[in-house]
Amino acid sequence: MKPSIEAVGLSRVYGRGAAARTVLDQLSLRLWPGELTLLIGASGSGKSTLLAALGGLLRPQSGSVTVLHTGIWSLSDADLERFRFRHFGFVFQGFNLFPALTAVEQVALPLKFAGVAPAIAIGRARDALDEMGLSARSKLRPALMSGGEKQRVAIARALVTEPDVLLADEPTSALDSANSEVVIGLLKKIARERHATVLTVTHDPRLSGHADRIVEMRDGVIISDERPKSHKDIA
Amino acid sequence: MSLACSILLHDWRRFVPALLSVAFAGVLMLVQLGLLLGMFGSVTVLVDTASADLWITSPETQSFEQSRDIPARLAALAGLHPQVIHTETMQLHDADWRSGTATRVAVSLVGLRPEGRSIACPEVLRAALCARLSAPMSVLVDRGDLAKLGIEPGIALGQLAEVNGRRVRVVGVTSGLRSIGSAYVFASEQTERALAAHAADADTDADDPVSFVLVQLLAGADAGSVRDQLQSLMRRPVYRVWTAAEFSMQSQRYWLLESGVGAGFLFSSMLGLVIGIVITSQTLRGVILGSLREYATFRAIGVPARRLSAVILEQSLWIGLCGALATLVLSAVASLLARSFYIPLTLTPWAIVSAALLSIATAVMSGLLALRELYRLEPVELLR
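Keep in mind that this is a model prediction, so the values were computed, not measured.

Q: So what's going on with the overall build of chain A? Which residues, and what values?
A: What chain A contains, in helices and strands, is six helices and ten strands. For chain A, whose C-alpha radius of gyration is 18 Å, the value lies close to the compact-globule estimate of 18 Å for 235 residues. Overall size of chain A, expressed as C-alpha extent along the three principal axes, is 50 × 40 × 40 Å. Here chain A holds 235 residues, and the buried ones make up 48% of them. For chain A, the proportion of contacts with a sequence separation of at least 24, taken over those separated by at least 6, is 71%.

So, in structure tokens, the structure goes:
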């Protein structure tokens, strides 16, 4: 099987001269579809920067990122935007939901921005909410939902465009244990059932039991790369 | 419902300042424009309400109230033209007014032919009031000027006053004939002559000076060509022949350009506009900043900034439309208030339409200014 994401020799330095700090240091990584990979490490280890570089949000100073056979950092800004829309989903720590919109409207919004007809967009949004177990909450606004529900709405919003790659940044840090379990279970299900590449940056040790693979970073390099319940070889 | 409308309805309290500032910028402009038009209209109210087709004035007259005396025989000269059916003279002179209660007030004394069919007589007076002036030493004054003239509104009729030291009696009260400067006091030409202290006018070669000669033409006659023909008759010495519309327009233009009120109006309208734009764009900016993380999320998944901009612009357009509506309502209230205080506030359709368009433009410009926040947005900041 071919990797869906391949990063080679990524470097990123913040600041200059004596204040310079290397957050990515000639880092290379391959990710496969159908897997939930956790990216762990202390604060400042470079894991969020890596996520941004893989997701087409932050240009590395050197190195390349190939996603689904496309070198994303050689695309123009407009092409990169289109590429992100077609292939990436993002889930952030804050749920970033519009207070004014109901759950189903939040989830339909990416499709509406893409010009999908409203009725179709709402239908697909309902399907995505069903998948997240939120059918009953689809008419609620964020103010009436729990943190776990809001994060599931945010995941449904990331899923509705049927991304090949789902990138999540600390998706459970604002949630209690029970909700964290639910959310990480859903992320794993997405990897399995949709055959998506799911990369989750986290501090949360509770999640490791669910991961197919755990990559640990320190000072901009990968210091360990394990498969807790190993059933695949690293190619 | 669009995202823009959903946010507007859900967070309407946050948009109220923007709406109010848009509305007030519009009202400020509309009321000022209305006052200006009303004021200019009052400069020429006697020209606009008379039935004359042509006006003959002294050559240096730039505005109605600046008239200088011309000989009355010009009326007879104009009457020779085959298309002229009627001529009349009209007097306009400064005078002193004194009532029992008030101190001396400067007034403009207007002398008319005291007949119902007089063309110099303002339209509203023709039915009844004009004829009352045929009694010697009787005058009409405007309702809006009663306080200035020291006349009790309830018992105005029959009150006595002095003009240039001679006793006159108020025989009627007009409305809508308030002057821009000193109050109009209407009298018959004979009364006017008796009251006015004529200074010998250098331009006048007759001992029968008048302020204006008014000319009525045959129905269907071309005022422009008659004006040209009369003008060529009155070349030496030169008198000025105007069509009524020209004379009115020239008087208003004179006030707009020479009096400084035009520049003042422009300045304060611009000020209102700038303040409206600043407040509105700050409000919209605040609303964008409040949802910045949400917008950034959409930037992250590859929604182009221009699609998000369309949301903000749609919101500002709605604010503009609601603001324009509020402008119209508030202006209607202002107009009613003005009417009850006899303040000339003229709201013409084009003034109303342009104020409404201006409200919308204010909101949209504010929205465009607020867009900077969206374009500055880097979705990667969500990861920190």
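Q: Lay out the pairing of strand 3 (residues 36-40) of chain A in plain terms, naming residues and giving numbers.
A: Residue and element names in this part refer to chain A. Strand 3 sits mainly inside the fold: five of its five residues count as buried. Going residue by residue along strand 3, you find Leu 36, Leu 38 and Ile 40 tucked away on one face and Thr 37 and Leu 39 tucked away on the opposite face as well. Here strand 3 pairs with strand 8 (residues 197-201) via four bridges, running parallel. Across the sheet, the residue bridging to Leu 38 is Thr 200, located in strand 8. In this structure, strand 3 lies alongside strand 9 (residues 213-218), joined through four bridges in parallel fashion. Bridge assignment links Thr 37 to a residue of strand 9, and that residue is Arg 213.

Q: Summarise unusual backbone geometry; cite the residues concerned and give the values.
A: Look at Leu68(A): it is not a glycine, yet its phi comes out positive at around 50°. Here Leu68(A) shows up in the loop between strand 4 (62-67) and strand 5 (70-71).

Q: Report on the interface of chain B and chain A, specifying residues and quantitative values.
A: Counting from both sides, the interface comprises 21 residues of chain B and, opposite them, 26 residues of chain A. Put simply, the parts of the chain that give the side of chain B that touches chain A at least two residues each are helix 1 (3-10) and helix 12 (292-300) of chain B. The dominant element in the side of chain B that touches chain A, judged by the number of residues it contributes, is helix 12 of chain B, at five residues.

Q: Could you give me a rundown of the nonpolar core, with the residues and numbers involved?
A: Side chains of a nonpolar character, in soluble globular proteins, are inclined to be buried together. Core analysis: the biggest nonpolar cluster contains 178 residues, and Val107(A), Ala156(A), Ile56(B), Val185(B), Val213(B) and Leu214(B) have the highest contact counts within it. Sequence-distant contacts of Ala156(A), defined by excluding residues within four places in its chain, comprise Val107(A), Ala128(A), Leu129(A), Glu131(A), Met132(A) and Leu134(A).

Q: Explain the sheet that holds strand 8 of chain A residue by residue, including any values.
A: Residue and element names in this part refer to chain A. If you walk across this open sheet you meet the six strands as 6-7-8-3-9-10, and the pairing is mixed. Since the sheet does not close on itself, it has two edges, and those belong to strand 6 (88-91) and strand 10 (221-226), each with one partner. Averaged over all pairs of adjacent strands, the angle between their axes in this sheet comes to 20°, without regard to strand direction. Strands in contact with helix 5 (residues 147-159) are strand 6 and strand 7 (165-169); relative to strand 6, the strand with the most contacts, it is inclined by about 170°.

Q: Talk me through the domain arrangement of chain B; I want residue IDs and the actual numbers.
A: Residue and element names in this part refer to chain B. If you check the domain split of chain B, you get domain 1 (3-42 + 260-383) and domain 2 (54-220). In this structure, domain 1 and domain 2 have C-alpha centres spaced 47 Å apart. Listed by partner, the interface residues are four residues for domain 1 and five residues for domain 2. Its residues assigned to classes, the side of domain 1 that touches domain 2 comprises three nonpolar, one polar and no charged.

Q: So what's going on with the confidence of the model for chain A? Which residues, and what values?
A: Here chain A shows a mean pLDDT of 92. Residues at 70 or above account for 97%. Here residues 231-235 of chain A is a poorly scored stretch, pLDDT under 50, and it has one contact once near neighbours within four places are set aside; other chains count.

Q: An account of the environment of Leu111(A) is needed here, citing residue identities and associated values.
A: All names here are of chain A. Relative to the elements of secondary structure, Leu 111 occurs in helix 3 (residues 103-113). On the basis of neighbour counts, which here come to 21 C-beta atoms within 10 Å, the residue Leu 111 falls in the buried class. Aside from chain neighbours lying at most four places away, what touches Leu 111 is Val 116, Ala 121, Arg 124, Val 160 and Thr 161.

Q: Break down the environment of Ser135(A) for me, citing the residues and quoting the values.
A: All names here are of chain A. Inspection of the secondary structure puts Ser 135 in the loop between helix 4 (118-131) and helix 5. Placed 81 residues apart in sequence, Ser 135 and Glu 216 show a C-alpha to C-alpha distance of 36 Å. The contact partners of Ser 135, leaving out residues within four places of it in the chain, are Leu 129 and Asp 130.

Q: Could you give me a rundown of the confidence of the model for chain B, with the residues and numbers involved?
A: All names here are of chain B. Of all residues in chain B, 97% attain a pLDDT of 70 or more, and the chain-wide mean is 86. For the stretch residues 198-204, pLDDT sits under 50, and the model shows eleven contacts to residues farther than four places along the chain or on other chains. Two numbers describe this predicted complex: its pTM, 0.73, and its ipTM, 0.90.

Q: Before we move on, can you summarise the environment of Val333(B) with the specific residues and values?
A: All names here are of chain B. Inspection of the secondary structure puts Val 333 in helix 13 (residues 305-340). For Val 333, a count of 11 C-beta atoms within 10 Å puts it in the exposed group. Spatially, the C-alpha atom of Val 333 lies 36 Å from that of Arg 132, the residues being 201 residues apart in sequence.

Q: Break down the sheet that holds strand 2 (residues 21-31) of chain A for me, with residues and values.
A: Residue and element names in this part refer to chain A. Across the sheet, four strands lie side by side as 2-1-4-5; this open sheet has antiparallel pairing. Each end of this open sheet is capped by a strand with a single partner; those strands are strand 2 and strand 5. Examined bridge by bridge, strand 4 and strand 5 share two bridges and lie antiparallel to one another. Along strand 5, the bridge assignment pairs Thr 66 with Gly 71.

Q: So what about the pairing of strand 3 (residues 84-99) of chain B? Which residues, and what values?
A: Residue and element names in this part refer to chain B. In terms of strand pairing, strand 3 meets strand 10 (residues 212-217) through six bridges, oriented antiparallel. For Glu 88, the partnering residue across the bridge sits in strand 10 and is Leu 214. Relative to strand 4 (residues 105-112), strand 3 runs antiparallel, the two being bridged by seven bridges. Within the sheet, the bridge partner assigned to Ala 95 lies in strand 4 and is Val 107.

Q: Now, about the packing of helix 2 (residues 12-43) of chain B against helix 11 (residues 261-290) of chain B: what can you tell me, with residues and values included?
A: Residues and elements named next belong to chain B. For the pair helix 2 and helix 11, interaxial distance at closest approach is 8 Å and the crossing angle is 170°. Relative to helix 11, the element helix 2 lies roughly antiparallel. Of the residues assigned to the contact of helix 2 with helix 11, the class counts are 16 nonpolar, nine polar and one charged.

Thresholds, definitions, all that
Residues numbered from 1 in each chain as written. Chains lettered and ligands numbered in written order. Predicted model: local features only at pLDDT ≥ 70, side-chain atom pairs only at ≥ 80, totals over all residues. Helix = DSSP H or I, 4+ residues; strand = E, 2+ residues; numbered from the N terminus. Rg over C-alpha atoms; globule rule 2.2 N^0.38 Å. Buried ≥ 20, exposed ≤ 12 C-beta atoms within 10 Å, placed from the backbone. Contact = placed C-beta atoms within 7 Å. Pairing = 2+ DSSP bridges. Core = buried A, V, L, I, M, F, W, Y, C linked by C-beta atoms within 7 Å. Axes fitted to C-alpha atoms, helices over the stretch in contact; angles between N-to-C directions. Domains from an automatic or database assignment. Nonpolar A, V, L, I, M, F, W, Y, C, P; charged D, E, K, R; others polar. pLDDT = per-residue confidence, 0-100. Parallel < 35°, antiparallel > 145°, perpendicular 65-115°, else oblique.

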